[in-house]
Amino acid sequence: MKKVHNFNAGPCVLPDQAIQKSIEALKDFAGTGMAVIEVSHRSKEWGEVMDECRSLWKELLNIPDTHEVLFLGGGASLQFLYVAMNFLEKKAAYLETGVWAKKALKEAKGIGDAYALASSADKTYSYIPKGYVIPEDIDYFHITTNNTIYGTEIRYDMDCPVPLIADMSSDIMSRPVDVSKYVLIYGGAQKNVGPAGVTFAIVRKDALGKVSRYIPTMLDYRTHVDGASMFNTPPVFSIFVMNETLKWLKGIGGVEAINKINVGKAELLYNEIDRNPLFVGTAAKEDRSIMNVCFVMAPGYEALQDEFMAYAKEHGMVGIKGHRSVGGFRASIYNACPVESVEALVSCMQEFAAKKA
């Protein structure tokens with residue numbers, strides 16, 4: 001198979017161990033004589049996968065008994081609606097740090113009174129807003145911890161005077177998280193914890209059932225807590241791959257170990273961007289994401305963008321084109337992205353600069 005360095009923003013690179021185990025399960029799942037995509041989700045064998053996957057989530061993130069882990073469909077985009085349906089009674093505030101935060105706010109506005117408490121739209125979402133005060137008369141405060149398009153990240157668990165909700169689609173399991181500080185953490189799996197098709201939600205159970213509106217059955221978190229994420233047929237294959245991905249993560253030392261690796265990968269690439277005369281980072285240095293590294297050609301070298309893109313592709317770099325809304329380049333260096341791929345990208349940038357600078 002052709003060797004490439006995969007920097008796609010999602011679906012993204014997965015551990016080879018998880019891919020191989022998934023291939024085996026497609027041939028014969030747990031000795032059943034059936035593929036994992038054929039087996040009944042009510043079977044004993046599948047129940048063991050669900051239990052193990054839920055247990056791994058709780059172990060790796062040290063999730064307290066106050067919270068439940070759910071595996072759902074619809075992606076984070078559907079969770080934008082779930083959030084407002086389940087938690088918005090009178091008023092909610094959002095931190096607008098990018099496209100996905102803005103979309104989450106839009107869904108909440110369709111349900112009730114929701115507004116942006118602070119926004120970084122004035123500088124193309126290139127920084128995380130600071131200096132705002134969270135009011136105590138709101139139902140919840142919503143944040144998007146990592147902004148894949150713009151390369152900014154909130155890398156700490158804030159103290160919040162009201163229920164805190166976080167979209168952690170693209171940085172979950174990349175660092176330790178104090179889950180007790182959140183009433184809800186949610187996201188799509190296709191960045192750090194699996195393939196597209198399954199959505200995770202970590203919800204504080206006693207925070208549910210507080211709104212007065214009717215909540216449609218499938219949009220009520222209590223439905224899925226009570227049904228152990230199997231009220232309807234779950235996305236079995238995506239959950240299987242997620243389980244194998246989490247087993248890989250546990251095997252290398254868990255979130256503490258991967259955090260050190262991730263910080264090292266990010267530092268390697270950011271140091272090259274800051275040093276190399278051809279490139280410049282686009283995110284404020286104090287808010288740089290360790291998951292999505294965004295950069296452009298430096299002033300005076302803009303005309304070289306397409307040439308560098310072609311050069312990088314020739315050298316096995318895949319997925320480094322920046323999001324269509326901002327252009328430039330983006331290297332997504334999620335958990336399973338090996339340091340060797342980052343080193344290869346850095347070498348590519350150095351070689352190109354030696355020819356052009």
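Worth saying up front: this structure is predicted, and the values here are computed from it rather than measured. (Residues numbered from 1 in each chain as written. Predicted model: local features only at pLDDT ≥ 70, side-chain atom pairs only at ≥ 80, totals over all residues. Heavy atoms only, no water.)

Quick notes on the UniProt feature "binding site: L-glutamate" (unreviewed entry) in the protein chain
Taking the numbering used here, the UniProt-annotated feature "binding site: L-glutamate" (unreviewed entry) corresponds to Arg42. Tracing the backbone through its elements, the reader meets Arg42 in the loop between helix H1 (16-27) and helix H2 (44-60). For Arg42, a relative accessible area of 53% gives the class exposed. Not counting the four nearest positions on each side in its chain, Arg42 is found in contact with Met230 and Phe231. (UniProt positions renumbered as here; feature names shortened; annotations may be inferred. Helix = DSSP H or I, 4+ residues; strand = E, 2+ residues; numbered from the N terminus. Buried < 20%, exposed > 50% of the residue type's maximum accessible area, 1.4 Å probe, protein only. Contact = heavy atoms within 4.5 Å.)

A word on the pattern of salt bridges
Oppositely charged side chains can form a pair if their charged atoms are brought close together. On inspection of all chains with the given rule, the structure shows 16 salt bridges. Measuring nitrogen to oxygen at the nearest pair gives 3.1 Å for the salt bridge that ties Lys247 to Glu244. In this pair, Lys247 and Glu244 are both assigned in helix H6 (residues 236-251), 3 residues apart and thus about one turn of the helix distant. When its relative accessible area of 5% is taken as the criterion, Glu244 is described as buried. One salt bridge in this structure joins Lys356 and Glu307, with 2.5 Å as the shortest N-O distance. With Lys356 in helix H9 (residues 339-356) and Glu307 in helix H8 (residues 305-314), this residue pair connects regions lying 49 residues apart in the sequence. Among the residues examined, Lys356 registers a relative accessible area of 34% and is labelled partly exposed. Residues joined by salt bridges that share partners form a network here, namely Asp51, Arg54, Lys58 and Glu68. (Salt bridge = Lys/Arg side-chain N within 4 Å of Asp/Glu carboxyl O.)

Description of the side chain of His5
Looking at the secondary structure, you find His5 in strand S1 (residues 5-6). Among residues more than four places away in sequence, those in contact with His5 are His315, Gly316, Met317, Val318, Glu340, Ser341 and Ala344.

What about the sheet that holds strand S14 (residues 329-332)?
The strand order across the open sheet formed by 3 strands is S11-S12-S14, and the pairing between neighbours is antiparallel. Each edge of the open sheet carries a strand with a single partner, namely strand S11 (279-281) and S14. Shown here is a sheet whose adjacent strand axes are inclined to one another by a mean of 35 degrees, direction ignored. For S11 and strand S12 (residues 292-297), the ladder comprises 3 bridges, and the chain directions are antiparallel. Bridge assignment links Phe279 to a residue of S12, and that residue is Met297. (Pairing = 2+ DSSP bridges. Axes fitted to C-alpha atoms, helices over the stretch in contact; angles between N-to-C directions.)

Remarks on the UniProt feature "binding site: pyridoxal 5'-phosphate" (unreviewed entry) in the protein chain
Sites flagged by UniProt as "binding site: pyridoxal 5'-phosphate" (unreviewed entry) map to Ala76, Ser77, Trp100, Thr148, Asp167, Gln190, Asn232 and Thr233. The largest pairwise C-alpha distance within this set of annotated residues, which runs over 158 residues, is 30.7 Å, so the set is dispersed in three dimensions. Looking at the element boundaries, Ser77 is found in helix H3 (residues 75-87). Looking at where Thr148 falls in the secondary structure, it is placed in the loop between strand S6 (146-147) and strand S7 (152-153). Contact partners of Thr148, with chain neighbours within four places excluded, come to Trp100, Ser170, Lys191, Asn292, Cys294, Arg330 and Tyr334.

Details of H8
Among the residues of H8, Phe308, Tyr311 and Ala312 are the ones counted as buried. Each buried residue of H8 lies within a common arc of 95 degrees when the element is viewed along its axis, so the set occupies one face. In H8, the exposed residues that point more than 90 degrees away from the buried face are Asp306, Lys313 and Glu314. Tucked inside the fold, the buried residues of H8 contact S11, S12, strand S13 (317-318), S14 and H9. (Arc of directions from axis to C-beta.)

A few points about unusual backbone geometry
Note that the residue after Gly10, namely Pro11, is joined by a cis bond; omega there is -5 degrees. Topologically, Pro11 is positioned in the loop between S1 and H1.

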